[in-house]
Amino acid sequence: MEKHHHERSTFSGKLGFVLSAAGASVGLGNIWRFPYLAAKYGGGIFLLIYIILALTFGYSMIVAETALGRMTRKSPVGAFGKFGKSKWLSFGGWINAIIPVLIVPYYSVIGGWVIKYLIEYIKGNSQKLAEDGYFSEFISNGTSTEVCFLIFAFLTVAIIYAGVRNGVERVSKFMMPVLVFLSVLITVYSVTRPGALAGVKYFLVPNIENFSWMTVVAAMGQMFYSLSIAMGILVTFGSYMKKDVSIEGSTKNVEVFDTAIAIMAGLMIIPAVFAFSGGDPDTLQAGPALMFITIPKVFASMGLGTPIGILFFVLVLCAALTSSIALTESAVSTFQDELRWHRKKATVIVGVIMILLGTLSSLGYGPLGFVKIIGMQFLDFFDFLTNSVMMPIAALATCLLISRKVGVEKIEEEVVAEGGTFRRKKIFNFMIKYLCPIFAAIILLSSVANAFGVISM
């Protein structure tokens, strides 16, 4: 393993970075979150807006965070601190660092749900999973949800414990090809079901009649989650990137990979739901329950429901693990950099935090169901706090850091360090200085207003 600046690990090269960064991006945000948001907020018009935002806002943030990490060789706190001692810089670094610590516990709870469903499909219980009330009964059972959560958390921590190349990079190199293969296989099966073409059309063809302001807000919020921006991951992964690896080329690969998987996730789920329900709007707007309640019903109605269910949840498990690994790696890196802890000690401490906070979310629909924060269960509250409040603030802090302290010229120097080009420099400059901060503020204000009932999403 190569060492840089106080024994800092590195990825082996471009492939290692791209697959690890893509693994961070391609997770439950794509397979679980993207399809239900697309189904709820207009199908094709949501997809079009998302792609436009990913190529502008998303691109700019990925380049900014990756360049910042490689330039400083630090995780978020150290990267922000490199440019001054002011309070807002310290706040910006820490909010980027704390987000993964808060996300990975509840993310691991959902990963535990995936494990439960995969086990049940392997046991041949596809009809049982399709029964009304099964999911509600499962998540209200504190023992079952906690055991599944702990299994998923252990898998994540064990991989992180192995290190950057032996753990993060090696697992990503194995899981991402598997994920792509399964995505293609299930997509082909889904779109060839009788009645599925109406779902394909709904998802791929923009219809202006389905447009609303909340379509834009939902697409912007999904972009944070899906591209893993404004949560410290890309700063951390950038700090592991070698100088001879193209930032712009790697960013393009991550963009394409992430968007392609998101589109395939939509094609896996939305046409199948259309075929099952006949395009019933209520079924399409099942929201977060789409994957755990509606999809098992869809699979149960198919001739090959059990094997397709197994393949689907293996796919989801791979996606969930690659993202949880990235989130945990970012947190571990911060502890290593700021507290000078050895990697193994940092991993164990992060694991303990993951279990403590994750247990709240795991039991939040069961034994701790009586506890609510602004009307939300623990898992929903942590999701709202990180995705709708903290990530937009983190994005604002990053934009201010680049435009006021670092300078676009310094970012350009880092981007072309290996002798490459910065083809989208003008877009980057305009987005970072003007539109990215505006978009982040819109997401923050809209999401908070929705949470307190001022507007409806």
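Residues numbered from 1 in each chain as written. Predicted model: local features only at pLDDT ≥ 70, side-chain atom pairs only at ≥ 80, totals over all residues. Heavy atoms only, no water.

K.L.:
Residue-level account of the overall build of the chain, with values.
P.N.:
From N to C terminus, the chain includes 20 helices and zero strands. When burial is assessed residue by residue, the chain has 60% of its 457 residues classed as buried. Working note: accessible area of the chain is about 17,000 Å², and carbon and sulfur atoms make up 64% of it. (Helix = DSSP H or I, 4+ residues; strand = E, 2+ residues; numbered from the N terminus. Buried < 20%, exposed > 50% of the residue type's maximum accessible area, 1.4 Å probe, protein only. Areas by Shrake-Rupley, 256 points an atom, 1.4 Å probe, with all protein chains shown as cover.)

K.L.:
Explain the confidence of the model for the chain residue by residue, including any values.
P.N.:
For residues with low pLDDT, the predicted coordinates do not support detailed interpretation. Chain-level pLDDT for the chain is 86 on average; 90% of the residues reach the 70-or-more range. The secondary-structure element of the chain with the lowest mean pLDDT is helix 1 (residues 14–25), recorded at 64, while helix 5 (residues 87–122) shows the highest, at 95. A low-confidence stretch, residues 1–6 (pLDDT under 50), is modelled with 11 contacts involving residues beyond four sequence positions or located in other chains. (pLDDT = per-residue confidence, 0-100. Contact = heavy atoms within 4.5 Å.)

K.L.:
Describe the packing of aromatic side chains, with residues and values.
P.N.:
Throughout the structure, instances matching the rule amount to 25 aromatic pairs. Taken together, a centroid distance of 5.5 Å and an interplanar angle of 35 degrees make the contact between Y117 and F313 tilted. With Y117 in helix 5 and F313 in helix 16 (residues 305–339), this residue pair connects regions lying 196 residues apart in the sequence. Across the pair, F313 and Y117 agree in class, each one buried. Following the ring pairs from residue to residue traces out a cluster consisting of W113, Y117, Y121, Y134, F135, F292, F299, F312, F313 and Y365. Lying across the ring of Y189, R193 places its NZ or CZ 4.0 Å from the centre. Looking at R424, its charged tip hangs above the ring of Y59, at a distance of 3.7 Å from the centre. (Phe/Tyr/Trp six-rings, centres within 6.5 Å; stacked < 30°, edge-to-face > 60°. Lys NZ or Arg CZ within 6 Å of the ring centre and 35° of its normal.)

K.L.:
Any chance you could break down the packing of helix 19 (residues 408–415) against helix 20 (residues 425–451) for me, citing the residues and the numbers?
P.N.:
Two elements in contact, helix 19 and helix 20, have axes separated by 11 Å at closest approach and are oriented at 140 degrees. Classified by the interaxial angle, the pair formed by helix 19 and helix 20 is oblique. As helix 19 packs across helix 20, the resulting crossing turns out to be right-handed. Listed contacts from helix 20 to V408, I411 and E412 of helix 19 are K425, F428, N429 and K433. (Axes fitted to C-alpha atoms, helices over the stretch in contact; angles between N-to-C directions. Parallel < 35°, antiparallel > 145°, perpendicular 65-115°, else oblique. Left-handed = near helix turned anticlockwise from the far one by under 90°.)

K.L.:
Outline the packing of helix 2 (residues 28–40) against helix 11 (residues 213–227), listing residues and values.
P.N.:
Contact pair helix 2 / helix 11: the axes reach a minimum separation of 10 Å and the direction vectors enclose 175 degrees. Here helix 2 lies roughly antiparallel to helix 11, going by the angle between them. Together, G29, N30, R33, F34 and L37 of helix 2 and A218, G221, Q222, Y225 and S226 of helix 11 make up the contact between the two elements.

K.L.:
Can you tell me about helix 13 (residues 247–277), naming the residues and giving the values?
P.N.:
Here helix 13 is 31 residues long and its end C-alpha atoms lie 44 Å apart, about the 45 Å a rise of 1.5 Å per residue gives. The backbone nitrogen of G249 has a side-chain oxygen 2.9 Å away, supplied by the residue at the start of helix 13, namely S246. Following helix 13 by one or two positions, G278 has its phi on the positive side, about 75 degrees. (Expected span 1.5 Å × (residues − 1). Polar contact = N/O pair within 3.5 Å; in protein donor to acceptor, adjacent residues only side chain to side chain.)

K.L.:
Outline the pattern of salt bridges, listing residues and values.
P.N.:
For the coordinates displayed, the defined rule picks out eight salt bridges. Salt-bridge contacts for K123 lead to E120; the nearest nitrogen and oxygen are separated by 3.7 Å. Look at K123 and you get exposed, because its relative accessible area is 55%. On the accessibility criterion, E120 (3% relative accessible area) is buried. One network of salt bridges, with partners in common, ties together R70, K243 and E414. (Salt bridge = Lys/Arg side-chain N within 4 Å of Asp/Glu carboxyl O.)

K.L.:
I'd like a rundown of the nonpolar core, residues and numbers included.
P.N.:
Of all hydrophobic cores here, the largest spans 139 residues; its most connected members are F292, F312 and F428. A total of 16 residues in this core trace back to one element, the largest contributor, which is helix 5. Setting aside chain neighbours within four positions, we find F312 in contact with I31, I186, M268, I269, M291, I295 and F299. (Core = buried A, V, L, I, M, F, W, Y, C linked by side-chain atoms within 4.5 Å.)

K.L.:
Any chance you could break down unusual backbone geometry for me, citing the residues and the numbers?
P.N.:
Of note, the phi angle at S228 is positive, near 60 degrees, even though the residue is not glycine. Note that S228 resides in the loop between helix 11 and helix 12 (233–239). Given the relative accessible area of 2%, S228 is considered buried. In this structure, R340 takes a positive phi of about 60 degrees despite not being glycine.

K.L.:
Quick one: what's the story with helix 3 (residues 44–72), residue by residue and with numbers?
P.N.:
Counted at 1.5 Å a residue, the expected span for helix 3 with its 29 residues is 42 Å, and the 40 Å between its end C-alpha atoms agrees. Along its length, helix 3 shows its largest kink, about 40 degrees, at A54. Counting buried positions over the 29 residues of helix 3 gives 23, a clear majority of the element. R73 sits one or two positions beyond helix 3 and adopts a positive phi of about 55 degrees. (Bend = angle between axes of the 7 residues up to and from the residue.)

K.L.:
How would you sum up a nonpolar patch on the surface? Please name residues and give values.
P.N.:
A surface patch of nonpolar side chains, amounting to about 360 Å² of accessible area, comprises V147, I151, F154 and L155. With respect to the helices and strands, F154 occurs in helix 8 (residues 142–161). (Patch = residues over 30% accessible without salt bridge, like charges linked within 9 Å, V, L, I, M, F, W, Y side chains within 5 Å.)

K.L.:
Can you tell me about the environment of G238, naming the residues and giving the values?
P.N.:
With respect to the helices and strands, G238 occurs in helix 12. We classify G238 as buried; its relative accessible area is 0%. With 173 residues separating them along the chain, G238 and E65 place their C-alpha atoms 7.2 Å apart.

K.L.:
Go over the environment of M376 with me, naming the residues and quoting the values.
P.N.:
Inspection of the secondary structure assignment puts M376 in the loop between helix 17 (343–362) and helix 18 (378–406). Using a relative accessible area of 15% as the deciding quantity, one classes M376 as buried. Spatially, the C-alpha atoms of M376 and A451 are 9.5 Å apart, while their sequence positions differ by 75 residues. Not counting chain neighbours up to four residues away, the residues in contact with M376 comprise V371, F381, F384 and A451.

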